[in-house]
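Here's the letter readout for the chains.
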Amino acid sequence: MNFDISGAKIFFRIPTGIPILGDFLISETLVVSWLVMIIITGLCIFLTRNLKVENISKRQAVAEMIVETANNFVRNNTGGTKFDKLIPFVSALFATSIVSNLISLVGLRSPTADLSTEAAWAIVVFVMITANKIKASGFGGYLKGFTTPIFIMTPFNILSEIATPISMACRHFGNILSGVVINGLIYAALAVASSAIFGIIPGAVGQFLSKIPILDVGIPAVLSVYFDWFSGAMQAFIFTMLTIMYIANAAEG
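The structure displayed is predicted, hence computed values, not measured ones. (Residues numbered from 1 in each chain as written. Predicted model: local features only at pLDDT ≥ 70, side-chain atom pairs only at ≥ 80, totals over all residues. Heavy atoms only, no water.)

Caption draft 1: Highlighting the packing of aromatic side chains. Here the structure, examined in full by the defined rule, presents two aromatic pairs. Measuring from ring centre to ring centre gives 5.8 Å for W121 and F239, while their planes differ by 65 degrees; the resulting arrangement is edge-to-face. Of the two residues, W121 is situated in helix α4 (residues 115-144) and F239 in helix α7 (residues 219-251); the sequence distance between them amounts to 118 residues. (Phe/Tyr/Trp six-rings, centres within 6.5 Å; stacked < 30°, edge-to-face > 60°. Helix = DSSP H or I, 4+ residues; strand = E, 2+ residues; numbered from the N terminus.)

In structure tokens form, the structure reads like this:
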């Protein structure tokens, strides 16, 4: 389907329902990702309003606790204050990851269930790793590193370098997507079980109740404690931890 509004063409793919503005694809992942950024930005603005030196509010206390936790997280894993410049990046990465993972609790599809999200993060981290390696050893030293311990290992060292962002992206994506799939299967199985169990009741009552997925209420919420809360927080932590370790090791040569 093709519409023309003031000379700007807007296309709609009927099979997927995903609108395209010109050559720009507006996917569900993109929309929810922007929502995640709006939530994080709004929370930051809310927590940092009217900051004081004395008689601080509970809101400011929470903000200071978050900042202190981020500082300690980076410093404890890098051995000092040398990598303090990473704190804003690592904090933003962790916040984006955990909010993206947990936003599925309100019924939205998590952006991290789309490999393109983790791939973009991994590319940024890979660029930072490479930049720190070049800064520590020089461009010549960086290239020479691919030939160690012997020249014949060069292809394998290059593959290992490329595998770093791929493994980070796939690990995070796989765990989040698996939770989405498993939750979907659980909902479907409980709906079938609900229909079978209540369908045993004779008459119109049984026919009516068998059409309502009663078992979908409550049970999936208990399982989401792991698949959404625990797994989502853990994957955000692991991705952030790997980011710090890779960049710190690269900077040390």
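Caption draft 2: Fine view of the nonpolar core. Core analysis: the largest hydrophobic core is formed by 20 residues, its most contacted members being F73, V74, V90 and F239. In terms of residue count, α7 provides more of this core than any other element does, eight residues in total. In contact with V90, other than residues within four places in its own chain, are F73, V74, T240 and I244. (Core = buried A, V, L, I, M, F, W, Y, C linked by side-chain atoms within 4.5 Å. Buried < 20%, exposed > 50% of the residue type's maximum accessible area, 1.4 Å probe, protein only. Contact = heavy atoms within 4.5 Å.)

Caption draft 3: Structural context of the confidence of the model for the protein chain. On average, residues of the protein chain score 79 in pLDDT, and 85% of them reach the 70 mark or higher. Here strand β2 (residues 8-13) is the element of the protein chain with the lowest mean pLDDT, 36, and helix α1 (residues 28-47) is the one with the highest, 91. Note that pLDDT drops below 50 for residues 1-17; the model gives that stretch 21 contacts with residues more than four away or on any other chain. (pLDDT = per-residue confidence, 0-100.)

Caption draft 4: Representation of unusual backbone geometry. Phi angles above zero are rare outside glycine, and N50 is one such case at about 50 degrees. Inspection of the secondary structure assignment puts N50 in the loop between α1 and α2 (58-78). In this model, N55 sits at a positive phi of 50 degrees, which is unusual for a non-glycine residue. As for its placement among the helices and strands, N55 is situated in the loop between α1 and α2.

Caption draft 5: Examining the packing of α2 against helix α3 (residues 87-102) more closely. Here α2 crosses α3 at 110 degrees, and the two axes come no closer than 10 Å. Considering the angle they form, α2 stands roughly perpendicular to α3. When you trace α2 past α3, the crossing you get is right-handed. Residue-level contacts link A70, N71, F73, V74 and R75 of α2 to I87, V90 and S91 of α3. (Axes fitted to C-alpha atoms, helices over the stretch in contact; angles between N-to-C directions. Parallel < 35°, antiparallel > 145°, perpendicular 65-115°, else oblique. Left-handed = near helix turned anticlockwise from the far one by under 90°.)

Caption draft 6: A look at the pattern of salt bridges. Summed over the entire model, instances satisfying the criterion amount to two salt bridges. Across the salt bridge formed by R75 and D84, the nearest N and O atoms sit 2.9 Å from each other. For D84, a relative accessible area of 23% translates into the label partly exposed. The residue K133 makes a salt bridge to E161 at a minimum N-O spacing of 2.9 Å. Of this pair, K133 sits in helix α4 while E161 is found in helix α5 (residues 154-198), placing the two residues 28 residues apart along the sequence. (Salt bridge = Lys/Arg side-chain N within 4 Å of Asp/Glu carboxyl O.)

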